[in-house]
Amino acid sequence: MIYILFSILLGGAILTFLANKISGLLRDTFFLLTMLGATLIFYTQLHIGGLVNFSIGSFNLEWGVNSFSWYFSLIVLGLGTLAAFYALSYMKGKENLGFFYFSFLISILSMLGIVMSHDLISFFIFWEMMTWSSYFMVIYSGKNVQKNGINYILFSAFGAYAMLTAIALVYANIHSLSIVEMISNYGQFSPALQTWIPILFLMAFSVKAAMMPLHVWAPGAYSDSPMAYTSVFSGALSKMGIYGMILIFVTMISHLPDDTWFREVFAWLGAITAIMGTLWAIAQDDARKLLAYSSVAQLGYIITGVAIGTDLAMLSALFLAALHALFKGTLFMAVGAVERQTGTVKFSEVTGLIRKMPWTFIASLLAIIALAGIPPLGGFVGKWMLYESLINSNHYILVIAIFFASTSAFLYCYKFLFGFFLGQEEKEWAHVKEAPALMVVPMLLMAGFLVILGTFPGILLKPADTAMQTLGFAPTEGHLWSMSVLFNAWGDQVLLRPLVYAIAGIFLFFLIILTVKGWKNTRYVTTKDISSSGEVPLEHENLTFSVNFYQPFLRAVGPVMKHRMITWYREFGAGMETIFDFTRRIYTGNGQTYAIYVMVFLVIILLLQNTIFG
């Protein structure tokens, strides 16, 4: 069935690309049927434990599905299918759609290939397929190709070379490329290799997980990709880095006698990623950039849980990985809806859309509540488990750092909601209507699932628990979540229904009061219909609160944000360019110059022959 699954995605991608030259309807049909067919095969025919073996030359390749790979496949196909429906409406009327849909399907195929690969050759090939298909999405619009496109491919190349070096070291020592054999023989490697092999793998995985300081590609790549794909880019593709990091930490780092420093370093890198991503998200006026930095921050929480590595920390990381796909997928789709209906995604340009796009607002509101970790939605459950795991493992300073990042996230959460939906209506947006149903329904479905997971987290905790047992964690008969005090009394349900009813009652009470009492006296005004200190602002002056959001806060944290990693990378690039310029002066292309170099080299050899050759 794995053959059939991969064949459907590859064949569907090719047919979709070719159908674009014949008919747009045929192209869209092939694209949607491919995603639906792959998802149907996965859920109905693909069984955990299935394996496929074959050989290419002298190399044995193996693909298979275990509970751990199934969990991440669930994220990829679940989000990918909803994004496919969304894309049909969002991408309507755009150019090169055959190329877009082809890259979309290949990226889904490659992610499934990564999590189902049991050998390092397949893993690396699928990893590179994922990199190139997502790169084509980054440059699809033709914007900032020299900046964001090059940044993405350079960092991806760095990660790929690190991974390839690790693979070469493994093969040189055990003469096998099986992931199982690599893990079983890891203890026989020299102490130096036991350190460097996981470091090299973690370099590659940290790039895709956007962990600082390897994150600088992410804000530009996420914001430049079409919003129909960014939900997959941020929600699913970044999880391939998390998938790899979990494998390395569980199978290699855990067996090192001095694994503590590994864990502490990566846990703090995750916390720093969460803090700095949050601060930069607060500073953005472009909603795409805000969500891009927010994605970096949310991945920081997951990395911290993976690095701590206790049972509860790992469970929280897996739970948050799926939650992140849901709420960030919803929010990127919401930004895409606003962009499609208004033509802009800047908070200082568009506001007051709550009556124009009510369903998009509802989906955004639920996703924001989950992102912020507020009960009764699923985000609260995931963050609570992370906090508790840090406290139980005596990481008190680390939990303060994570809590600071989480509470600071309220600022950009409010900025997102107020900036787009809750401000005053402007006359230039009077024509705006709700996004098409194909865009709204996927958002609402994911938002609804976030609500369900807040009360019934066992829906995700059970497969996450099973996935952890595949990694070697102790069997728990499906009750691993009972380690948390949040679930001790309630089992796999969080009984927050009274809180939900109270919140709903408060909202309804004020809605009724405002509607009955103030409906006739309400007068809608624009941001120009005000005065300040007796001065009437001119028509071109924008006094909306969305301009210069949180300036006092940003001034306070300015020293922390002053030094940016991209500046260091640019200085490094300038230094390398200087070296290359010098090299070009040496290699002039003149034969006589090269003859002089040879003569100088021979003279040096003759003078130093006793030293060199003894």
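Refer to the structure printed above.
Residues numbered from 1 in each chain as written. Predicted model: local features only at pLDDT ≥ 70, side-chain atom pairs only at ≥ 80, totals over all residues. Heavy atoms only, no water.

This part is about the overall build of the protein chain. Within the protein chain one finds 24 helices and two strands. Buried positions account for 53% of the 614 residues belonging to the protein chain. Sequence separation of 24 or more characterises 79% of the internal contacts of the protein chain that already satisfy a separation of 6 or more. For the protein chain, the computed accessible surface area is about 27300 Å², with 67% contributed by carbon and sulfur atoms. (Helix = DSSP H or I, 4+ residues; strand = E, 2+ residues; numbered from the N terminus. Buried < 20%, exposed > 50% of the residue type's maximum accessible area, 1.4 Å probe, protein only. Contact = heavy atoms within 4.5 Å. Areas by Shrake-Rupley, 256 points an atom, 1.4 Å probe, with all protein chains shown as cover.)

Glancing now at the nonpolar core. Formed by 201 residues in total, the largest nonpolar core has its most connected members in Phe-201 and Phe-416. With 21 residues, the top contributor of residues to this core is helix H13 (residues 311-342). Non-local contacts of Phe-416, meaning those with residues more than four positions away in its chain, are made with Ala-287, Leu-290, Leu-291, Leu-331, Val-335, Phe-347, Ser-364, Ile-368 and Phe-421. (Core = buried A, V, L, I, M, F, W, Y, C linked by side-chain atoms within 4.5 Å.)

As a further point, take the pattern of salt bridges. Taken as a whole and assessed by the stated rule, the structure comprises three salt bridges. Linking Arg-288 and Asp-286 is a salt bridge whose minimum nitrogen-to-oxygen distance equals 3.0 Å. Each member of the pair, Arg-288 together with Asp-286, is buried. Here Glu-339 ties to Arg-288 by a salt bridge, and the two come within 3.5 Å at their closest N and O atoms. Here Glu-339 is found in helix H13, whereas its partner Arg-288 is found in helix H12 (residues 287-308), with 51 residues between them in sequence. Given the relative accessible area of 22%, Glu-339 is considered partly exposed. One connected set of salt bridges, linked through shared partners, spans Asp-286, Arg-288 and Glu-339. (Salt bridge = Lys/Arg side-chain N within 4 Å of Asp/Glu carboxyl O.)

All right, on to the side chain of Thr-16 then. With respect to the element layout, Thr-16 can be found in helix H1 (residues 2-19). You can call Thr-16 buried: its relative accessible area is 0%. A polar contact is formed between the side chain of Thr-16 and the backbone nitrogen of Phe-31, at a distance of 3.4 Å. (Polar contact = N/O pair within 3.5 Å; in protein donor to acceptor, adjacent residues only side chain to side chain.)

Let's shift gears to a nonpolar patch on the surface. A contiguous nonpolar surface patch, about 590 Å² in accessible area, is contributed by Leu-10, Ile-14, Phe-17, Leu-18, Phe-99, Trp-132 and Phe-136. Counting residues per element, the ones that place at least two in the nonpolar patch are H1 and helix H5 (120-138). Per-element tally for the nonpolar patch: the top contributor is H1, with four residues. Look at Leu-18 and you get partly exposed, because its relative accessible area is 44%. (Patch = residues over 30% accessible without salt bridge, like charges linked within 9 Å, V, L, I, M, F, W, Y side chains within 5 Å.)

Moving on to unusual backbone geometry. Residue Pro-213 follows Met-212 across a cis peptide bond; omega there is 10 degrees. The backbone of Asn-96 sits at a positive phi, close to 55 degrees, despite the residue not being glycine. Within the fold, Asn-96 resides in the loop between helix H3 (67-90) and helix H4 (97-116). Its relative accessible area of 52% is what places Asn-96 among the exposed residues. Phi is positive for Ala-210, close to 55 degrees, though the residue is something other than glycine. Classification of Ala-210 by relative accessible area gives buried; the value is 0%.

For helix H18 (residues 458-470), built from 13 residues, the straight-helix expectation of 18 Å at 1.5 Å per residue is met to within 8% by its first-to-last C-alpha distance of 18 Å. Among the residues trailing H18, Gly-472 stands out with phi positive, at a value near 110 degrees. (Expected span 1.5 Å × (residues − 1).)

We now examine the packing of aromatic side chains. In this structure the tally under the stated criterion is 46 aromatic pairs. When the centroid spacing of 5.7 Å and the interplanar angle of 75 degrees are considered together, the rings of Trp-217 and Tyr-222 count as edge-to-face. Exposure remark for Trp-217: the relative accessible area of 1% places this residue in the buried category. On the basis of relative accessible area, Tyr-222 is assigned to the buried category, the value being 0%. What links up through ring pairs into an aromatic cluster is the set Phe-31, Phe-100, Tyr-101, Phe-104, Tyr-140, Tyr-152, Trp-217, Tyr-222, Tyr-229 and Phe-233. (Phe/Tyr/Trp six-rings, centres within 6.5 Å; stacked < 30°, edge-to-face > 60°.)

Along its 19 residues, H5 runs 27 Å from first to last C-alpha, staying within 8% of the 27 Å computed at 1.5 Å per residue. For H5, the N-terminal capping position is held by Asp-119, with its side-chain oxygen 3.2 Å away from the main-chain nitrogen of Ile-121.

Residues Lys-92, Lys-94, Lys-143 and Arg-340 make up a contiguous surface patch of positive charge. Topologically, Lys-94 is positioned in the loop between H3 and H4. With relative accessibility at 39%, the residue Lys-94 sits in the partly exposed group. (Lys, Arg positive; Asp, Glu negative; His and termini not counted. Charge placed at Lys NZ, Arg CZ, Asp CG, Glu CD.)

Our next topic: the pairing of strand S1 (residues 51-56). Relative to strand S2 (residues 59-64), S1 runs antiparallel, the two sharing six bridges. Note that in S2 the partner of Val-52 across the bridge is Trp-63. Here S1 folds back onto S2, and the loop between the two strands holds two residues, one of which, Gly-57, carries a positive phi near 65 degrees. (Pairing = 2+ DSSP bridges.)

For Val-345, the location among the structural elements is in the loop between H13 and helix H14 (358-372). Along the sequence, Val-345 and Val-335 sit ten residues apart, while their C-alpha atoms lie 6.8 Å from each other. When near neighbours in sequence (up to four residues on either side) are disregarded, Val-345 contacts Asp-285, Asp-286, Ala-287, Arg-288, Val-335, Glu-339 and Phe-420.

Mapped onto the elements of the fold, Gln-284 is located in the loop between helix H11 (259-282) and H12. Taking the relative accessible area as the measure of exposure, Gln-284 reaches 13% and is therefore buried. For Gln-284, the residues in contact, after removing those within four places along its chain, are Lys-289, Leu-290, Tyr-293, Phe-347 and Lys-415.

For any two helices packed against each other, one specifies the crossing angle of their axes together with the interaxial distance. Look at H5 against helix H8 (residues 191-208): their axes get within 13 Å of each other, and the N-to-C directions meet at 30 degrees. Regarding the angle of H5 to H8, the classification is roughly parallel. Considering only the axes of H5 and H8, their crossing is left-handed. Contacts from Leu-120, Phe-123, Trp-127, Met-130 and Thr-131 in H5 reach Phe-201, Ala-204, Phe-205 and Lys-208 in H8. Taken together, the residues that form the contact of H5 with H8 break down as seven nonpolar, one polar and one charged. (Axes fitted to C-alpha atoms, helices over the stretch in contact; angles between N-to-C directions. Parallel < 35°, antiparallel > 145°, perpendicular 65-115°, else oblique. Left-handed = near helix turned anticlockwise from the far one by under 90°. Nonpolar A, V, L, I, M, F, W, Y, C, P; charged D, E, K, R; others polar.)

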